[in-house]
Amino acid sequence: MLSHVDLCSGIGGFALGFQWAGLSKPVLFCDIEPWSRKVLAKHWPDVPIAEDVKELANDPDGLIPRTDPKRTILTAGYPCQPFSHAGKRLGHEDDRHIWPYLLQIVAQKRPAWCCFENVYGHVSMGLDQVLFDLEGQGYASRTFIVPACAVDAPHRRDRVFVIAKDVSDTDSPRCEEQRRSQPAQEKHQAPQCRSGWLTEPPVGRVAHGIPKRVDRLRGLGNAIVPQIAQKIGQAIKASIDA
């Protein structure tokens, strides 16, 4: 199995989905929210948890466990506020814009695979720069727009996923041919929404009276759907095993 460095971890959607897929085991989490770190510590008690991506970028060798880059996958559902249509869309001027720090970690640790997630608004703001930066580091990347309803959740929730693979020789004719035949940004038509999940009573996402209700709502709002991560993990595993 791959070693999984999970940054901007939230409540562990990538880690859970990848474990379901049999792809990887987490070796490091990182999240700035104390409540999310408590959830991660409960479900993965043996995995270290960092608090700040910026600190990791400044001291990657001291804080990130040493792993074989060829057997490592890095993920991050980095903050959506700089790009979301629900906010001011300040982009790189937003204090929560941490993509440059994530790119710094990718450049230093050279994981074989990367997978990033963000909101649909990222397509029209910031995504081109992310893809350009990854290509500059020698990664071939593809983008997908996958809604929650693609895995039968009873809501849409469009999200952008970027899957990137480290290629050993970006100047080779083979890689150049791959870049021409596979556009860096590929928008997939979102599947029709289907409701195959169990119907829940209309009590909202978290029932009234449950402790830490606000934290739970924030955690769910920031989380990725682990069933989507599972599908991505299965596809990556199939590529590795091929």
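Look up: the structure comes first, before these words.
Notes on the structure in this doc start here. Source: prediction; values computed, not measured.

## A few points about the overall build of the protein chain
And then number 1: For the protein chain, the helix and strand inventory stands at nine helices and seven strands.
And then number 2: Looking at the 242 residues of the protein chain, the share that counts as buried comes to 44%.
And then number 3: Of the roughly 13100 Å² that the protein chain leaves accessible, carbon and sulfur atoms contribute 51%.

## Some words on the environment of Ala 112
And then number 1: Note on placement: Ala 112 falls in the loop between helix 5 (99-109) and strand 5 (113-119).
And then number 2: Along the sequence, Ala 112 and Ile 73 sit 39 residues apart, while their C-alpha atoms lie 6.1 Å from each other.

## Comments concerning the side chain of Lys 109
And then number 1: Relative to the assigned elements, Lys 109 resides in helix 5.
And then number 2: Within polar-contact distance, the side chain of Lys 109 engages the side chain of Asp 61 at 3.3 Å.
And then number 3: With residues near it in sequence (within four places) discarded, Lys 109 still touches Pro 60, Asp 61, Ile 64 and Pro 69.

## Some words on empty space enclosed by the protein
Gaps between atoms show up when a probe of the same size as a water molecule is rolled over them.
And then number 1: One pass over the full model with this rule turns up one cavity of 30 Å³ or more.
And then number 2: In this structure, the largest cavity encloses a volume near 30 Å³.
And then number 3: Lining the largest cavity are Val 146, Ala 148, Arg 157, Arg 159, Phe 161, Ile 224, Val 225 and Ile 228.
And then number 4: Counted by class, the lining of the largest cavity contains six nonpolar, no polar and two charged residues.

## Things to note about unusual backbone geometry
And then number 1: Phi angles above zero are rare outside glycine, and Asp 152 is one such case at about 75°.
And then number 2: Along the polypeptide, Asp 152 turns up in the loop between strand 6 (139-146) and strand 7 (159-166).
And then number 3: The exposure class assigned to Asp 152 is partly exposed, which follows from its relative accessible area of 24%.
And then number 4: Even without being a glycine, Arg 157 presents a positive backbone phi close to 55°.
And then number 5: As for its position among the elements, Arg 157 is in the loop between strand 6 and strand 7.

## Brief notes about the nonpolar core
And then number 1: Of all hydrophobic cores here, the largest spans 32 residues; its most connected members are Leu 7, Tyr 78 and Phe 116.
And then number 2: At five residues, the largest contribution of residues to this core is made by helix 5.
And then number 3: Setting aside its immediate chain neighbours within four residues, Phe 116 contacts Leu 74, Ala 76, Tyr 78, Trp 99, Val 106, Leu 134, Val 160, Phe 161 and Val 162.

## Notes on the environment of Gln 234
And then number 1: Within the secondary structure, Gln 234 is located in helix 9 (residues 226-241).
And then number 2: Considered as a pair, Gln 234 and Gly 17 are 217 residues apart in the sequence and their alpha carbons are 9.2 Å apart.

## Focus on the pairing of strand 1 (residues 2-7)
And then number 1: Counted residue by residue, strand 1 has five buried out of six residues, so it is predominantly covered.
And then number 2: Direction of pairing for strand 1 relative to strand 2 (residues 24-30): parallel, over a ladder of six bridges. Bridge pairing in strand 2 links His 4 to Pro 26.
And then number 3: Here five bridges tie strand 1 to strand 4 (residues 72-76), and the two strands are oriented parallel to one another. Following the sheet pairing, Ser 3 is matched in strand 4 by Thr 72.

Rules of the game
- Residue numbering note: each chain is counted from 1, following its sequence as written.
- The predicted nature of this model means local features are confined to residues of pLDDT at least 70 and side-chain atom pairs, given and counted, to a pLDDT of 80 or more, with totals for whole chains, interfaces and linings taken over all residues.
- Based on all heavy atoms of the structure, the side-chain values leave hydrogens and waters out of the count.
- We count a stretch as a helix when DSSP gives it H or I for four or more residues in a row; a strand needs E for two or more, and each element gets its number in order from the N terminus.
- Relative accessibility decides the category of a residue: with a 1.4 Å probe and only protein chains considered, values under 20% of the type maximum give buried, values over 50% give exposed, and everything between is partly exposed.
- Here the open area of atoms and residues is found with the Shrake-Rupley method and a 1.4 Å probe, where only the protein chains shown may cover a residue.
- Under the rule applied, a polar contact is a pair of N or O atoms within 3.5 Å (in protein, one hydrogen donor and one hydrogen acceptor; residues adjacent in sequence only if both atoms are side-chain atoms).
- Residue contacts are counted whenever heavy atoms from the two residues lie within 4.5 Å of one another.
- With a 1 Å grid laid over protein atoms only, a set of points is called a cavity when a 1.4 Å probe fits there but cannot get out and a pocket when it is open yet has protein on both sides within 12 Å along at least five of seven lines; lining residues have an atom within 4 Å of a point.
- Grid points are joined across faces, edges and corners, and a volume is the space filled by probe spheres set on the points.
- Residue classes follow a fixed rule: Ala, Val, Leu, Ile, Met, Phe, Trp, Tyr, Cys and Pro count as nonpolar, while Asp, Glu, Lys and Arg count as charged, and any other residue, Gly among them, counts as polar.
- Grouping buried Ala, Val, Leu, Ile, Met, Phe, Trp, Tyr and Cys residues that are joined through side-chain atoms within 4.5 Å yields what is termed a nonpolar core.
- DSSP-based pairing: two strands are paired if at least 2 bridges between them are found.

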